[in-house]
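What the coordinates show
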Amino acid sequence: MHRTTMAWLALGSAAILGGCGERTPQVPGQQAMTTGDVQKAALASYVKPGDLDEYYLFYSGGHSGQVFVAGVPSMRHIATIPVFAPYPGTGYGFDEATRKMLGEFTWGDVHHPALSKTNGDYDGRWLFVNDNANNRIARIDLRDLKTKQILGPVPNTMGNHGSSMVTNNSEYALVASRFSVPIGEKYVPLDQYSTKYKGAVTGIRIDPNTGNMSVGWQIMTPPFDWDLGATGKGPSTEWAFWTSYNSERATGKLESAASQRDKDYVAVVNWKAAEAATKAGKTFTSEGIPMIDPAKVPGVMYLLPCGKSPHGVDVDPSGQYVICSGKLQPTSTVFSFAKILEAIKNKDFEHETEDGIHVLEYDEIVLMEVPVGLGPLHTQFDGKGYAYTSLYVESAIAKWKLPPYEAGVDPKSLVVDKMPVQFNVGHLVTSHGDTEHPRGDYLVSMNKMSKGRHLNVGPSIPESSQLIEINGQKMVMTYEAFTEPEPHFAQLVHRDIIKPIEFYPKDESKNPNAVWTPAGAKVVRNAARKTVEGKVYAIRSYFEPGRIEVQEGDTVILHITNAEQQRDEIHGFGLTAHNLNAVIDPGETKTVRFVARTAGVFPYYCTNFCSALHQEMQGYLEVVPRGRPLLAYNAKGEMTWERRPTPPVASADASHGNGH
Ligand code: K7E
Ligand code: CUA
C-alpha cells in the first residue's frame, strides 16, 4: 500500500475517532481542518518529485546576511544566495572577487529584497537587497543568481532600513537612514540630537544596462527614524514614501518617548524633483555626496501625518492610494495620491516643522481609516481590488477592500476576511505584489514566532512561513515551512520571468587567466617578489597541475578554471589547513590568494561531488622550507611537470547554456 494512501486512511480514522470529522489540534495555534480541507491543502501545495514549482520566492535572511530561494507552492528551500556573509557552500567570500566585495564585514542584516522593474512589472534582471546593519545595498544578478555588487557603506546613513525601494523603471533604488547622525561633523554630543542630527534619503542610481549602482544624491531630513518605504506606480511613479517613528526627536527610552505624539509622519518625496535639483546644483556637499536641503528646494519633500508610529507604507497597484499602517493603532490609513497632489498645489499645510518641511492637512488627503485589527504592519495586493495587511499583535492577515468607497460606507464592512497565522506575522508577500499587476493567487505570511509548531530543535526556534491561497473570497492556508533566521520581506515572482543560465559559456569568458586545456595550465614564480602565480585547470576528475611547489613565505595566487561546459558539473578547490574553499561553476574562473606561511605538504581537493572519480580529484601543495631549493622550476621561473594530454572536446550540448 502506498504511504500516502495509508496517511489518508489514518486521517480518516482519526476523524472517526474524533467523532466530529475534524483533526484534534496537536500544536499551538493549529486550526481544526476537515479531512477534505486537509486533502485540498495537500494537493494545492504538493509538487511531486520531478515537477517544478510555479513561483520563485526570494526571501531575505535578516541577520544571517543572506537571501534564500524557495519554490512556491511547495515552499521547499532550493537555494541560498550568499550576500553579506561568507558561505562555503558556494565558496562565497573565499575567492578574491567576493572577499573584496565583503570587505571587512562578515555579516549584514537583509530586510527588503526588491526586484528590478520595467514599466512597473518585474523584468527578471536584478534583485536588490539592503543591509540594515552596515549601511549597504547589494545587487544580485538573476542571470546566475549571484551577488555582483555591494555598494556602501552609504555616507550620511546609519541603519539602511527603509531600503531597497526600486522605481518603476529601475532608475533608482531609493533608501533611507533609520538612525539620524550629525551631518557635516563626525561627532556631536547626543544632547544636541534634535537640532544637529539629521536623517537622509538617498537615490542610488542604477545603470540601465549593467545594473551597476552609484550614489546619485541625498535629501537631508529631520531627525526622525525612517522606517519603511515604497515607490509610486502609475500616477505616483515619480514619488516615493517613507514612514517614520520618533517624530518626537527623542533619544533614550524610545519605547515610551517615541510614542508621545498622536501622529508621526510619512515622507512624500518627489525623486524626479530631487534628481532635477541635483542637476541644477541646488545642493551642498556632505561626505562627498550632493545633498538637498528640502527646506530650501521646494517640491522635493512633504510630510503627511499618520497614526502612531507607523511601520509599513505601501502603494496599491494603480498607484492612486498610499496605505500606511500605524503599529500602535488598529487601523490602516488610506491616503489619496490625487488629493496629496491637490493639497500640495493648494498649499493646504497643517504647519511647517522646525526644519522648514511642510506638513499636509490630514483631513484633506485621507480617504479612510480601515479598522484592520491589532498591530498592522505591512500591506500587499492581489490586483483584484483587495489589500492584505499583516497584523503582528493579532497574529492574523486581514483582507480588506481598496477604494473607491461608497459615501457613508461602514469602515468595518471593508474588512472581508481574516486568517489566523502562527504567530506574530511581520511581512507578507503576494505574487508580483509590488508591481502594477499582482497575480492574485498566492500569499506568504512570514511569521516572527513559531513556538511549538515544529520538532523541538532547542532554544533557537526557526521562523515559520505560511502559504495562503488568495484566489477565492476566503483565504485558505495550505502549507507551513520553517526558515533560517530571519525572514523579513520577500519577492514572489513567476518562474516565466526568471531565466538563469546553467553554466558560463566558454565563448563569453573574458577572464585573461582562464585556461581551457591542460596545456594552458601554468605556474610562474617571481623569486624577487616571493610570489607564485598559477593558472589551474579543473575538469572531471583532476586538477592540472596536481602538484604545486612553493617556498615557505611565498604569496600564492591561483586562478582556477572549471573547464566544464555542462550544467551541474561544479568543482571545488579546498586547500587543507588554509581556511580556503573556492567553488567554481562550469565555465567560471576564480582567483584565490594566500600566504604559504608554514612549511609542509598540504593536499588540495575537489569539494563538490562531481563524478565517480571525484574523490581522486586531488593534489598537493608542497611548501618547501625556507633555504631549501625549489626543484620544479626552470631558469625562467616556470614550474615544469608532466602534463595530461588535452581531453577530447566534451560532448556538452551548448543549448543548455541558456537554461530551458
Ligand atoms: Cu517590518 Cu525591517 Cu520590513 Cu522586518 S521590517 S517585519
Ligand atoms: Cu571535481 Cu569533485
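What you see is a predicted model, and the numbers here were worked out from it, not measured in a lab.

This part is about the overall build of the protein chain. The number of helices and strands found in the protein chain is 8 helices and 43 strands. Its C-alpha atoms give the protein chain a radius of gyration of 28 Å, within 12% of the compact-globule value 26 Å for 660 residues. In terms of overall dimensions, the protein chain has a C-alpha envelope of 90 × 75 × 45 Å along the principal axes. For the protein chain, with 660 residues in total, the buried portion stands at 58%. Considering only contacts within the protein chain whose residues lie at least 6 apart along the sequence, 61% involve residues at least 24 apart. A total accessible area of about 28100 Å² is found for the protein chain, and carbon and sulfur atoms account for 53% of it. Between the mean site of the 63 positive side-chain charges and the mean site of the 72 negative ones, the protein chain shows a separation of 5 Å.

Another aspect to go through is the nonpolar core. Grouped together as the largest cluster of nonpolar side chains are 37 residues, with contacts concentrated most on Phe-543, Val-550, Leu-558, Ile-560, Phe-573, Leu-575 and Leu-621. Counting residues per element, this core draws most heavily on strand E35 (residues 531-539), which supplies 5 residues. Residues within four places of Val-550 in sequence aside, it is in contact with Val-532, Val-556, Ala-596, Leu-621, Glu-622, Val-623, Val-624 and Leu-630. Core analysis: the next-biggest nonpolar cluster, separate from the first, contains 25 residues, Trp-226, Val-269, Ala-274 and Val-297 among them.

Moving on, we get to the pairing of strand E25 (residues 376-381). Most of E25 sits inside the fold, with 6 of its 6 residues counted as buried. Pairing analysis gives 4 bridges linking E25 to strand E26 (residues 386-391), with the strands arranged antiparallel. Counted as the bridge partner of Thr-379 is Thr-389 from E26. Linking E25 back to E26 in an antiparallel pair, the connection comprises 4 residues, with Gly-383 at a positive phi of about 75 degrees.

Once that is clear, we can look at the environment of Val-623. On the secondary structure map, Val-623 appears in strand E43 (residues 618-624). On the basis of relative accessible area, Val-623 is assigned to the buried category, the value being 3%. Every residue in contact with Val-623, bar those within four places of it in the chain, is listed here: Val-550, Gln-551, Glu-552, Ala-596, Thr-598, Ala-599, Gly-600 and Phe-602.

Take the sheet that holds strand E31 (residues 463-469) next. Taken in spatial order, the 4 strands line up as E29-E30-E31-E32 in an open sheet, and their pairing is antiparallel. In the strand order of this sheet, the two ends are held by strand E29 (425-430) and strand E32 (476-483), each with one partner. Recorded for the sheet is a direction-independent mean angle of 20 degrees between the axes of neighbouring strands. Here E29 runs beside strand E30 (residues 442-447); their pairing, made up of 4 bridges, is antiparallel. The residue bridging Thr-430 from the neighbouring strand is Leu-443, located in E30.

This paragraph deals with the packing of aromatic side chains. Counting across every chain of the model gives 17 aromatic pairs. Between Tyr-193 and Tyr-197 the ring centres are 5.1 Å apart and the planes differ by 45 degrees, which places this aromatic pair in the tilted class. Each member of the pair Tyr-193 and Tyr-197 is classed as buried. On the numbers, 5.9 Å between centres and 70 degrees between planes, the contact of Trp-239 with Phe-337 is edge-to-face. Here the residue Trp-239 occupies a position in strand E14 (residues 239-245), and Phe-337 occupies one in helix H7 (residues 337-346), the gap between them amounting to 98 residues. In this pair, the class of Trp-239 matches that of Phe-337, namely buried. Ring pairs connect the aromatic residues Tyr-172, Trp-217 and Trp-271, which therefore count as one cluster. Positioned above the aromatic ring of Tyr-386, the side-chain terminus of Lys-399 is 4.6 Å from the ring centre. When the ring centre of Trp-641 is taken as reference, the NZ or CZ atom of Arg-643 above it lies at 4.0 Å.

Glancing now at the sheet that holds strand E24 (residues 366-370). The strand order across the open sheet formed by 4 strands is E19-E20-E21-E24, and the pairing between neighbours is antiparallel. Every other strand in the sheet has two partners, leaving strand E19 (310-315) and E24 as the edge strands with one partner each. Direction aside, the axes of adjacent strands within the sheet are offset by 20 degrees on average. Across 4 bridges, the pairing between E19 and strand E20 (residues 321-326) is antiparallel. Looking across to E20, one finds that Val-315 is bridged to Val-322.

Attention now moves to the site of ligand 1. In the vicinity of ligand 1, the residues found are His-111, His-112, His-161, Leu-228, His-311, His-378, Gly-426, His-427, Lys-448 and His-488. Among the residues making up the shell around ligand 1, the classes are represented as 1 nonpolar, 8 polar and 1 charged.

Mapped onto the elements, Asp-417 comes out in strand E28 (residues 415-420). When near neighbours in sequence (up to four residues on either side) are disregarded, Asp-417 contacts Ile-397, Ala-398, Lys-399, Gln-473, Lys-474 and Met-475.

Here we take up the environment of Thr-98. Structurally, Thr-98 can be placed in helix H3 (residues 96-102). On the basis of relative accessible area, Thr-98 is assigned to the buried category, the value being 10%. Separated by 2.8 Å, the side chain of Thr-98 and the backbone nitrogen of Gly-93 make a polar contact.

Pairing between side chains of opposite charge can happen when their charged atoms approach one another. Scanning the entire structure with this criterion turns up 29 salt bridges. Of the charged contacts, one joins Arg-593 and Glu-96 as a salt bridge, the two residues approaching to 3.4 Å between their closest N and O atoms. With a gap of 497 residues between them, Arg-593 in strand E41 (residues 589-595) and Glu-96 in helix H3 connect regions that are remote in the sequence. In this structure Glu-96 comes out as buried when scored by relative accessible area, which is 17%. Linking Lys-146 and Glu-588 is a salt bridge whose minimum nitrogen-to-oxygen distance equals 3.3 Å. Note that Lys-146 is positioned in strand E7 (residues 146-151) and Glu-588 in the loop between strand E40 (580-584) and E41, a separation of 442 residues in sequence.

Rules and cut-offs
- Residues numbered from 1 in each chain as written.
- Chains lettered and ligands numbered in written order.
- Predicted model: local features only at pLDDT ≥ 70, side-chain atom pairs only at ≥ 80, totals over all residues.
- Heavy atoms only, no water.
- Helix = DSSP H or I, 4+ residues; strand = E, 2+ residues; numbered from the N terminus.
- Rg over C-alpha atoms; globule rule 2.2 N^0.38 Å.
- Buried < 20%, exposed > 50% of the residue type's maximum accessible area, 1.4 Å probe, protein only.
- Contact = heavy atoms within 4.5 Å.
- Areas by Shrake-Rupley, 256 points an atom, 1.4 Å probe, with all protein chains shown as cover.
- Lys, Arg positive; Asp, Glu negative; His and termini not counted.
- Charge placed at Lys NZ, Arg CZ, Asp CG, Glu CD.
- Core = buried A, V, L, I, M, F, W, Y, C linked by side-chain atoms within 4.5 Å.
- Pairing = 2+ DSSP bridges.
- Axes fitted to C-alpha atoms, helices over the stretch in contact; angles between N-to-C directions.
- Phe/Tyr/Trp six-rings, centres within 6.5 Å; stacked < 30°, edge-to-face > 60°.
- Lys NZ or Arg CZ within 6 Å of the ring centre and 35° of its normal.
- Near = heavy atom within 4 Å.
- Nonpolar A, V, L, I, M, F, W, Y, C, P; charged D, E, K, R; others polar.
- Polar contact = N/O pair within 3.5 Å; in protein donor to acceptor, adjacent residues only side chain to side chain.
- Salt bridge = Lys/Arg side-chain N within 4 Å of Asp/Glu carboxyl O.

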